Amino acid sequence: MIRLTPKKVDEVFLDVLGEEGMPLIRAMRKKDNLSEFRLATLLKLDVKRVRNLLYKLSNHNLVGFTRKKDKEKGWYIYYWSLLTDQIKYQYVRSKKEQLARLKDRLDREGREHFFFCPQKCVTLDFDQATDFEFHCPECGEIVSLEAGKEHLPAIKKKIEEIEKELKKEK
Ligand SMILES: [Zn+2]
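Rules behind the numbers
Residues numbered from 1 in each chain as written. Predicted model: local features only at pLDDT ≥ 70, side-chain atom pairs only at ≥ 80, totals over all residues. Heavy atoms only, no water. Donors = N, O, S within 2.8 Å, 3.2 Å for Na, K, Ca; no water. Tetrahedral: all angles 85-135°; square planar, octahedral: opposite > 155°, others 65-115°. Helix = DSSP H or I, 4+ residues; strand = E, 2+ residues; numbered from the N terminus. Buried < 20%, exposed > 50% of the residue type's maximum accessible area, 1.4 Å probe, protein only. Domains from an automatic or database assignment. Axes fitted to C-alpha atoms, helices over the stretch in contact; angles between N-to-C directions. Parallel < 35°, antiparallel > 145°, perpendicular 65-115°, else oblique. Left-handed = near helix turned anticlockwise from the far one by under 90°. Contact = heavy atoms within 4.5 Å. Nonpolar A, V, L, I, M, F, W, Y, C, P; charged D, E, K, R; others polar. Phe/Tyr/Trp six-rings, centres within 6.5 Å; stacked < 30°, edge-to-face > 60°. Lys NZ or Arg CZ within 6 Å of the ring centre and 35° of its normal.

Caption draft 1: Layout of the coordination of the zinc ion. Every protein donor of the zinc ion is listed here as Cys117 (SG), Cys121 (SG), Cys136 (SG) and Cys139 (SG), and their distances to the metal cover 2.2 to 2.4 Å. In this structure, the zinc ion is surrounded by four donor atoms whose angles at the metal cover 106 to 112 degrees, and the resulting shape is tetrahedral. Read in sequence order, the donor residues coordinating the zinc ion give the pattern C-x3-C-x14-C-x2-C. Of this pair, Cys117 sits in the loop between β4 (114-116) and β5 (123-125) while Cys136 sits in the loop between α6 (126-131) and α7 (152-167), and the two are 19 residues apart along the sequence. There is no split in this pair, since Cys117 and Cys136 are both buried.

This is how it looks when you write it as structure tokens:
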């Protein structure tokens, strides 16, 4: 079983809402059943913006609502709360997506040959490097292939970490 630390829970919300949605999460953690109007006031945001964020969370089953009819105005007011039981599912899903992106990147960059200036002026693909006769067009240094592969082991390590974590869930 994957144990979700508060940091991992935050990663899920960040993945769904981005940084701008985090004040909403903090407000909803303090209190359940807040109306979108109350949330808009608390966050000093337009109510449409708040709704937009709530719908994003709703699409990932991370919030629920109850609604009550406003007797005077005749319309429904929605009261929102965070749903925590779906967070782990979302966490696993976002990790799987991240894993796919990293694997794709490793595959692509491991296969293609990029050439890097040792002074870090430019990155060239094979055709460009050939055009410049394997010299940096900015500073004239000889471009190198190996320097560009230094980050690939880190990607590979990250892939292994995620795979190991996801295995716990099976
Ligand atoms: Zn250079």
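Caption draft 2: Broad picture of the domain arrangement of the chain. Each domain of the chain was delimited in the assignment, giving domain 1 (6-85) and domain 2 (95-167). With centres defined by C-alpha atoms, the gap from domain 1 to domain 2 works out at 40 Å.

Caption draft 3: Spotlight on the packing of helix α1 (residues 6-17) against helix α4 (residues 47-59). Viewed as axis vectors pointing N to C, α1 and α4 meet at an angle of 120 degrees, and their least axial separation amounts to 10 Å. In terms of orientation, α1 lies oblique with respect to α4. The two elements α1 and α4 meet at a crossing, and its hand is right-handed. Residues Phe13, Val16 and Leu17 of α1 pack against Leu53, Lys56 and Leu57 of α4. Classifying every residue of the contact of α1 with α4 by side-chain character gives five nonpolar, no polar and one charged.

Caption draft 4: Seen up close, unusual backbone geometry. Positive phi is not limited to glycine here, since Asn33 has a value of about 55 degrees. Looking at the element boundaries, Asn33 is found in the loop between α2 (22-30) and β1 (34-35). Residue classification places Asn33 among the partly exposed residues on the basis of a relative accessible area of 42%. Positive phi values are uncommon outside glycine, yet Lys44 reaches one of about 55 degrees.

Caption draft 5: Region of the structure containing the packing of aromatic side chains. Using the criterion set out here, one finds four aromatic pairs in the structure. Ring centres of Tyr55 and Trp80 lie 6.4 Å apart, and the angle between their planes is 65 degrees; this geometry places the pair in the edge-to-face category. Taken together, the residues Tyr55 in helix α4 and Trp80 in strand β3 (residues 76-82) connect sequence positions 25 residues apart. The class for Tyr55 is partly exposed, based on a relative accessible area of 45%. In this structure Trp80 comes out as buried when scored by relative accessible area, which is 3%. Between Phe65 and Tyr78, the ring centres sit 5.1 Å apart and the planes meet at 70 degrees, which makes this aromatic pair edge-to-face. One end of the pair, Phe65, is in strand β2 (residues 63-69); the other, Tyr78, is in strand β3, with 13 residues separating them in the sequence. Classification of Tyr78 as partly exposed rests on a relative accessible area of 25%. Members of the aromatic cluster, each reached through a chain of ring pairs, are Tyr55, Phe65, Tyr78 and Trp80. Over the ring of Tyr76 we find Arg67, and its NZ or CZ is 3.9 Å from the ring centre.

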